[in-house]
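# Geometric and topological summary
Single-letter residue listing:
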Amino acid sequence: MYDCIVVGGGIVGTSTAYHLAREDVDTLLVDRKDDGRATSAGAGVVSPATVAHDYPDSWFELGADAARYYDALDARLREEAGVETGYGHCDLLTVAIDDDELAPFEAKVEEIRDRQDRLGTPAEGTLEELSPSEATDACPALGDVRRAFRYTDAARLDGQAFTDALYRAATTHGLQVERADAEEIRTDAGGVTGVVVRGDDGTTVYETENVVIAGGAWSSAFASQLGVDVPVDPQRGQIAHLSVDADTANWPIVTAFRDHYIVPQLDGRLIVGATRETESGFDARLTAAGVREVLDEALRVAPGVDDATLADLRVGLRPLSADGVPVLGGVPDVEGAYLATGHGPTGLTIGPYSGKIVAEAIRGVSPSSDLAPFSIERFD
Ligand SMILES: Cc1cc2nc3c(=O)[nH]c(=O)nc-3n(C[C@H](O)[C@H](O)[C@H](O)COP(=O)(O)OP(=O)(O)OC[C@H]3O[C@@H](n4cnc5c(N)ncnc54)[C@H](O)[C@@H]3O)c2cc1C
């Protein structure tokens with residue numbers, strides 16, 4: 001009998017399992033490691049304050065809490081897991097290159113300033129306009145920059161490395177793990193009683209009174225068993241890793257206005273992407289058109305990388321909820337069933353913190369951030 005079973009070992013499920021295990025909650029993590037797991041493809045931009053989406057204020061408040069939590073969590077994981085996490089602070093540069101980006105540039109600066117004034121979050125970062133030459137000094141690969149602003153409180157992350165660190169640390173706290181398929185959530189008299197798991201050695205029914213569905217884009221598979229609509233669909237993202245002969249350690253993350261970005265790593269790699277293919281279904285393939293879109297956009301913004309080595313291509317399925325906002329907390333009318341999914345394009349930013357606050361709810365501790373705006377009940 002486990003106190004809790006977590007279904008899904010991406011960044012969200014692994015963080016939930018970690019935060020349970022370190023508080024001595026007897027936990028089993030069941031993960032199928034599907035092709036298209038989003039965490040393994042994520043670019044690693046952590047900058048909720050500059051996100052351009054039309055999210056509600058509650059999302060930006062959660063994002064600010066999540067970004068603030070990263071430093072403490074990162075320090076703890078380095079100690080507990082003894083591995084590199086791939087997390088570090090950096091600047092984020094937003095540039096307008098072509099005419100059609102000039103008006104959106106103005107609008108975005110105004111929107112961020114307005115939000116900072118209104119919500120007072122995050123207090124840490126400053127926003128400043130740079131001249132075109134200051135922008136190319138910061139990132140020499142950039143093309144003909146027309147306008148640029150710098151945000152000083154962003155971070156970059158290697159999502160897979162961070163998840164591996166959460167996993168290692170969690171196992172030192174006693175987390176049990178199965179690479180297997182969680183087939184069914186068993187319930188009785190309005191409460192969770194167990195999970196049916198199929199692995200290489202056959203099918204096992206594990207007893208538990210708590211289960212967390214953190215199955216990323218696959219989470220809605222449990223909807224009918226739990227008697228609730230889980231409006232989370234896959235959104236395919238294709239992304240490329242370029243290797244350049246330059247010291248990119250101090251380059252900023254660069255974003256422009258076509259939903260793409262360039263994320264420099266410490267080892268001379270630049271992660272460029274990504275496509276946002278909402279009608280993709282569970283088709284985790286790289287496509288000719290997707291890869292072309294990613295490379296075209298990278299070279300439009302940063303023609304200086306045209307001679308880079310194409311080091312890797314990845315594809316992931318973002319778990320996109322109907323309103324783009326995560327789905328966190330208990331399932332109505334099923335005691336012990338929780339959801340931690342629907343993080344869409346910002347799961348590396350928010351996912352580790354989501355794991356913390358969902359774990360708090362399971363332990364009966366008042367969550368560090370309000371879960372109410374993220375409840376599944378908002379879709380009723
Ligand atoms: C190209 C790309 C770029 C991105 N860039 C960023 C970024 O810069 N910043 C940012 O914040 N976010 C980014 N994201 C989003 C982020 O990667 C995701 O939101 C996040 O990784 C989702 O994590 P997850 O744990 O919910 O899902 P996943 O990582 O997809 O993990 C879900 C896991 O659950 C398992 N699973 C599902 N069902 C079952 C079952 N029944 N039994 C057992 N296991 C099961 C799957 O096999 C999988 O391993 C990006 C995503 C993509 C695709």
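The residue numbering used here restarts from 1 in each chain and proceeds along that chain's sequence as written. Given that the model is predicted, a residue must reach a pLDDT of at least 70 before its local features are reported, and side-chain atom pairs must reach 80 or more before they are shown or counted; all residues, however, enter totals for whole chains, interfaces and linings. Only heavy atoms go into the side-chain values, all of them from the structure, while hydrogens and water stay out.

### Quick look at the packing of helix α2 (residues 57–81) against helix α3 (residues 102–119)
Closest axis-to-axis distance for the α2/α3 pair is 12 Å, and the angle between their directions is 80°. What the angle tells us is that α2 and α3 run roughly perpendicular. The residues of α3 that touch α2, namely those facing D57, F60 and E61, are R115, R118 and L119. Three residue categories are used. Nonpolar comprises Ala, Val, Leu, Ile, Met, Phe, Trp, Tyr, Cys and Pro, charged comprises Asp, Glu, Lys and Arg, and polar comprises the others, including Gly. Among the residues forming the contact of α2 with α3, the class breakdown is two nonpolar, no polar and four charged. Note on geometry: axes are C-alpha line fits, over the in-contact stretch for helices, and angles between N-to-C directions span 0 to 180 degrees. Only runs of H or I of at least four residues qualify as helices and only runs of E of at least two qualify as strands under DSSP, and these elements are numbered from the N terminus. Throughout this description, any angle smaller than 35 degrees is read as roughly parallel, any larger than 145 degrees as roughly antiparallel, any in the 65 to 115 degree range as roughly perpendicular, and the remainder as oblique. Contacts were defined at the residue level, with two residues in contact if any of their heavy atoms lie within 4.5 Å.

### Remarks on the site of the ligand
Summary of the distance rule: residues count as near a molecule or strand when at least one heavy atom falls within 4 Å of that molecule or strand. Lining the immediate environment of the ligand, one finds 40 residues, of which D31, D34, T39, G344 and T349 sit closest. Contact between the ligand and G44: an oxygen atom at 3.0 Å from a main-chain N or O atom of the residue. Here the ligand, which alone exposes 1,000 Å², has 99% of that area covered by the protein. Mapped by element, the contributors of at least two residues to the shell around the ligand are α1 (11–21), β2 (27–31), β8 (181–188), β16 (309–321) and α8 (347–362). Pairs of N or O atoms are called polar contacts if they sit within 3.5 Å, as long as, within protein, a hydrogen donor faces a hydrogen acceptor (for residues adjacent in sequence, only side-chain-to-side-chain pairs). Areas reported as accessible are Shrake-Rupley estimates using a 1.4 Å probe. Residue values count occlusion only from the protein chains shown.

### Side note on the pattern of salt bridges
We count a salt bridge whenever a side-chain nitrogen from Lys or Arg sits within 4 Å of a carboxyl oxygen from Asp or Glu. Evaluated as defined, the whole model comprises 31 salt bridges. Of the charged contacts in the structure, one is a salt bridge between D98 and R258, with a shortest N-O distance of 3.6 Å. In this pair, D98 is assigned in the loop between β4 (88–96) and α3 and R258 in the loop between β13 (253–255) and β14 (261–264), connecting sequence segments 160 residues apart. Only protein chains enter the accessibility calculation, which uses a 1.4 Å probe; a residue whose area is less than 20% of its type maximum is buried, one above 50% is exposed, and one in between is partly exposed. Relative accessible area serves as the criterion here: at 28%, D98 is assigned to the partly exposed category. D283 is paired through a salt bridge with R285; the nearest N and O atoms lie 2.9 Å apart. Linked through salt bridges whose partners overlap, the residues forming this network are D98, D100, E101, R258, E297 and R300.

### Brief notes about the sheet that holds strand β1 (residues 4–7)
As a general point, the strands of a sheet are linked pairwise by backbone hydrogen bonds and lie either parallel or antiparallel. We treat two strands as partners when DSSP finds at least two bridges between them. Taken together, six strands build an open sheet; the order of strands is β7-β2-β1-β11-β18-β17 and the sheet is mixed. Strand pairing shows two members of the sheet lacking a second neighbour, β7 (176–179) and β17 (327–330), which therefore form its edges. Across the sheet, the mean angle from the axis of one strand to that of its neighbour is 20°, orientation sign disregarded. Sheet topology places β1 next to strand β11 (residues 211–213); three bridges connect them, and they run parallel. Note that in β11 the partner of I5 across the bridge is V211.

### Observations regarding the side chain of R236
Assignment of secondary structure puts R236 in strand β12 (residues 232–243). In this structure the side chain of R236 is engaged in a polar contact, spanning 2.8 Å, whose partner is the side chain of E277. Within the local environment of R236, its side chain forms a polar contact with the backbone oxygen of R285, the two atoms lying 3.4 Å apart. The contact partners of R236, leaving out residues within four places of it in the chain, are T275, R276, E277, S280, D283, R285, T287, V315, G316, L317 and R318.

### Considering the packing of α1 against α8
Two numbers describe how α1 lies on α8: the axes approach to 7 Å, and their chain directions differ by 35°. When the axes of α1 and α8 are compared, the crossing they make is right-handed. Listed contacts from α8 to I11, V12, S15, T16, H19 and L20 of α1 are G347, L348, G351, P352, G355, K356, V358, A359 and I362. Class assignment of the residues belonging to the contact of α1 with α8 gives a composition of eight nonpolar, six polar and one charged. Two helices that cross are described as forming a left-handed crossing if the nearer one is turned anticlockwise from the farther one by less than a right angle, and a right-handed crossing if clockwise.

### So, the domain arrangement of the protein chain
Where interface size is given, it is often the accessible area lost as the parts come together that is meant. Throughout the structure description, domain borders are defined by an automatic or database domain assignment. Domains assigned within the protein chain are domain 1 (4–40 + 162–232 + 323–379) and domain 2 (91–153 + 235–318). Between the C-alpha centres of domain 1 and domain 2 there is a distance of 31 Å. Facing nine residues of domain 1, the contacting portion of domain 2 comprises eight residues. Summed over both partners, the interface of domain 1 with domain 2 buries about 690 Å², with 64% contributed by carbon and sulfur atoms. Buried area: the accessible area, evaluated with a 1.4 Å probe, that two parts lose upon being put together, summed over both parts. Looking only at domain 1, the three residues that lose the most surface to domain 2 are G36, A217 and P345, adding up to 50% of its buried area. In this structure, the connection of domain 1 to domain 2 is made through zero salt bridges. Our enumeration of links across domain 1 and domain 2 arrives at two residue pairs in polar contact (both at pLDDT 80 or more). Of the residues in the side of domain 1 that touches domain 2, the class split is four nonpolar, three polar and two charged.

### Examining the nonpolar core
Ranked by size, the top nonpolar core spans 47 residues in total, and within it V6, I11, L77, L157, F162, V212 and L328 carry the most contacts. Elements with a minimum of two residues in this core: β1, α1, α2, α5 (159–172), β18 (337–341) and α8. Among the elements that take part in this core, α2 stands out by supplying nine residues, more than any other. Those residues in contact with L77, other than ones at most four positions away along the chain, are Y18, G82, T85, F162, A165, L166 and A169. To form a nonpolar core, buried Ala, Val, Leu, Ile, Met, Phe, Trp, Tyr and Cys residues must be joined to one another through side-chain atoms within 4.5 Å.

### Thoughts on the state of the cysteines
Throughout, disulfides are identified as pairs of cysteine sulfur atoms within 2.5 Å of each other. Scanning the entire structure with this criterion turns up zero disulfides. Looking at C90, it has no disulfide partner, and the nearest cysteine sulfur is the one in C139, 12 Å off.

### Looking at the sheet that holds strand β10 (residues 202–207)
Spatially, β8-β9-β10 is the arrangement adopted by the three strands of the open sheet, whose pairing is antiparallel. Edge positions in the open sheet fall to β8 and β10, since each of these has one partner strand only. For this sheet, the mean angle separating the axes of adjacent strands, direction not counted, is 20°. When strand β9 (residues 191–199) meets β10, the two strands line up antiparallel, connected through six bridges. Bridging across to β10, V197 finds its partner in T204.

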